[in-house]
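Given next are the chains, with one letter for each unit.
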Amino acid sequence: AAEVGGAALVEDIASASERSADYCLLNQEFPTAASMAKIGTRLWAYVAAKTTQGMYFKLNAGRVGCVTTPSALSRFSDVELGDAVLCCVSGVSINGTYLFLDRYDPDWDYFDHQLRPSSDREVGAYGREHRYRTSVAGEDGADPLLVRGLPALELA
């Protein structure tokens, strides 16, 4: 039994050593720490600490990444200590020491203002998506499934 426990310990140490060796290659494409401190920048983050109130990441750049909002934390629910996660910068602390991160989503780049939905037409190189009313919504724009069965509507 001691040999089995010892073998598992050796495997855990070898795995941790591999992850540590990979850490030195993290975010090498950024020449300076300031170059990654821009909202919307995609970068890799190494999970260093995880609590119920926040997560902290090593970025290999002299800065610390953190996630502190409940909505952003929920997007990291499957992440464990030692994982490398692709993130995007959602904010920078006043003194520039901390980069606030969110999980990168390839389907929705919220931090690129040109790609955000807008109700106004905009002329530009990329344009913008435009909000539209689906054919399911009624004349007043309310979803019929939400207003179905409301007493005020039945009396009218």
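All values reported here derive from a predicted model rather than from experimental measurement. (Residues numbered from 1 in each chain as written. Predicted model: local features only at pLDDT ≥ 70, side-chain atom pairs only at ≥ 80, totals over all residues. Heavy atoms only, no water.)

## Some points on the side chain of S35
As for its placement among the helices and strands, S35 is situated in helix α2 (residues 33-36). On the accessibility criterion, S35 (18% relative accessible area) is buried. Separated by 2.6 Å, the side chain of S35 and the backbone oxygen of T32 make a polar contact. (Helix = DSSP H or I, 4+ residues; strand = E, 2+ residues; numbered from the N terminus. Buried < 20%, exposed > 50% of the residue type's maximum accessible area, 1.4 Å probe, protein only. Polar contact = N/O pair within 3.5 Å; in protein donor to acceptor, adjacent residues only side chain to side chain.)

## Looking at the sheet that holds strand β4 (residues 84-92)
Within a beta sheet, neighbouring strands are joined by backbone hydrogen bonds and run either parallel or antiparallel to one another. Read around the closed barrel, five strands run β1-β2-β3-β5-β4, paired in mixed fashion. Put simply, the sheet's adjacent strands are angled 55° from each other on average, direction ignored. (Pairing = 2+ DSSP bridges. Axes fitted to C-alpha atoms, helices over the stretch in contact; angles between N-to-C directions.)

## Brief notes about the pairing of β4
Relative to β4, strand β1 (residues 42-50) is paired through five bridges, and the arrangement is antiparallel. Its bridge partner lying in β4, W44 is registered against L86. Here β4 pairs with strand β5 (residues 98-103) via five bridges, running antiparallel. What sits directly across from V92, in β5, is L99. Between β4 and the antiparallel strand that follows it, β5, lie five residues; G96 among them carries a positive phi value of about 80°.

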